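Residue-level structure breakdown
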Amino acid sequence: MAIANLLELSGFEVIDLYSDFSRSPPDYGREQLWIARAKQ
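The present account deals with the structure reproduced in this document. In this numbering scheme, every chain counts its residues from 1 along its sequence in written order. Totals for whole chains, interfaces and linings use every residue, but because this is a predicted model, local features are given only for residues with pLDDT of at least 70 and side-chain atom pairs only at 80 or more, for both listing and counting. Where side-chain values are given, they derive from all heavy atoms of the structure, hydrogens and water being excluded.

Some points on the overall build of the protein chain
Stated formally: Segments assigned H or I by DSSP are reported as helices when at least four residues long, segments assigned E as strands when at least two residues long, and all are numbered from the N terminus. Burial classification: accessible surface area is computed with a 1.4 Å probe over protein chains only, and a residue below 20% of its type maximum counts as buried, one above 50% as exposed, and the rest as partly exposed. By the convention used here, residues are in contact when the closest approach between their heavy atoms is within 4.5 Å. In this description, accessible areas are obtained by the Shrake-Rupley approach with a 1.4 Å probe, and a residue is regarded as covered only by the protein chains that are shown. Asp and Glu are treated as the negative residues and Lys and Arg as the positive ones, with His and the ends of the chain left uncounted. We put the charge of a Lys on NZ, of an Arg on CZ, of an Asp on CG and of a Glu on CD.
Secondary structure assignment for the protein chain yields one helix and two strands. Going from N to C terminus, the protein chain has its helices and strands arranged as α-β-β. Dimensions of the protein chain, computed from the C-alpha atoms along their principal axes, are close to 30 × 20 × 10 Å. By the burial criterion, 8% of the 40 residues in the protein chain qualify as buried. In the protein chain, the share of contacts with a sequence separation of at least 24, taken over all contacts with a separation of at least 6, comes to 34%. In the form shown here, the protein chain has an accessible surface area of approximately 3400 Å², with 53% of it arising from carbon and sulfur atoms. A gap of 5 Å separates the mean positions of the 4 positive and 6 negative side-chain charges of the protein chain.

Okay, here's the thing in structure tokens:
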């Protein structure tokens, strides 16, 4: 996953990944909602 790697390199850690605001499981052919936070 390129986005996960970019977030990691930018100092973030991925908390979760959804396909919509209803927290549906990720569907990789659709839009994605990434939840990330800055590493401490």
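This is not the end of the story, as more comes after the structure.
Focus: the side chain of Ser19
Cut-off, in case you're wondering: Whenever two N or O atoms come within 3.5 Å, that pair is a polar contact, provided that in protein one can donate a hydrogen and the other can accept it, and provided that, for residues adjacent in sequence, both atoms are side-chain atoms.
Of note, Ser19 is situated in the loop between β1 (12-18) and β2 (33-38). Classification of Ser19 by relative accessible area gives buried; the value is 9%. In this structure the side chain of Ser19 is engaged in a polar contact, spanning 3.0 Å, whose partner is the backbone oxygen of Pro25. For Ser19, the contacting residues outside a window of four places in its chain are Ser24, Pro25, Pro26, Asp27 and Glu31.

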